[in-house]
Amino acid sequence: MSLLQSVVRGFLRGAQGGMTSKRGRVTFYKGRGAKSTGKKTKRGGFVVQQHKIPELMVPDLTGFELKPYVSHKALKINPPIVTASDLLTGLPISQEKSALE
């Protein structure tokens, strides 16, 4: 295989989307970007570290009237297009200047 062929072959392989676990060796494991929640021990065990586990803050939704989805029958609302001049004319600039001083 000549140098030009190997360069072209490299470009073509790179265009396939990068290295995946199917393209590597048997021991290659790429993962999907998940964070580790602990560390491995010398004997092959795994110790979970509590400060690495994400804590989800969920509000209490008892008595909440809205449903968790939007129906396909809902009407499509087209909001008005807002331009930069509309934003500037809508702000009370005189009140903001007095608040800064």
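Residues numbered from 1 in each chain as written. Predicted model: local features only at pLDDT ≥ 70, side-chain atom pairs only at ≥ 80, totals over all residues. Heavy atoms only, no water.

1. Considering the overall build of the protein
For the protein, the count of helices and strands is three helices and two strands. The linear arrangement of helices and strands in the protein, starting from the amino end, is α-β-β-α-α. Counting only residues that meet the buried cut, the protein has 2% of its 101 residues in that class. Here the protein has roughly 10,900 Å² of accessible surface; of this, 60% comes from carbon and sulfur atoms. (Helix = DSSP H or I, 4+ residues; strand = E, 2+ residues; numbered from the N terminus. Buried < 20%, exposed > 50% of the residue type's maximum accessible area, 1.4 Å probe, protein only. Areas by Shrake-Rupley, 256 points an atom, 1.4 Å probe, with all protein chains shown as cover.)

2. Description of the confidence of the model for the protein
Predicted confidence across the protein gives a mean pLDDT of 79, with 81% of residues reaching 70 or more. Considering each helix and strand of the protein separately, the mean pLDDT is smallest for helix α3 (residues 93-100), with a value of 54, and largest for strand β2 (residues 46-48), with 95. (pLDDT = per-residue confidence, 0-100.)

3. Quick word on a nonpolar patch on the surface
A contiguous nonpolar patch, built from L3, V7 and F11 and spanning about 360 Å² of accessible area, is present on the exposed surface. Along the chain, F11 falls in helix α1 (residues 3-14). The class for F11 is exposed, based on a relative accessible area of 64%. (Patch = residues over 30% accessible without salt bridge, like charges linked within 9 Å, V, L, I, M, F, W, Y side chains within 5 Å. Salt bridge = Lys/Arg side-chain N within 4 Å of Asp/Glu carboxyl O.)

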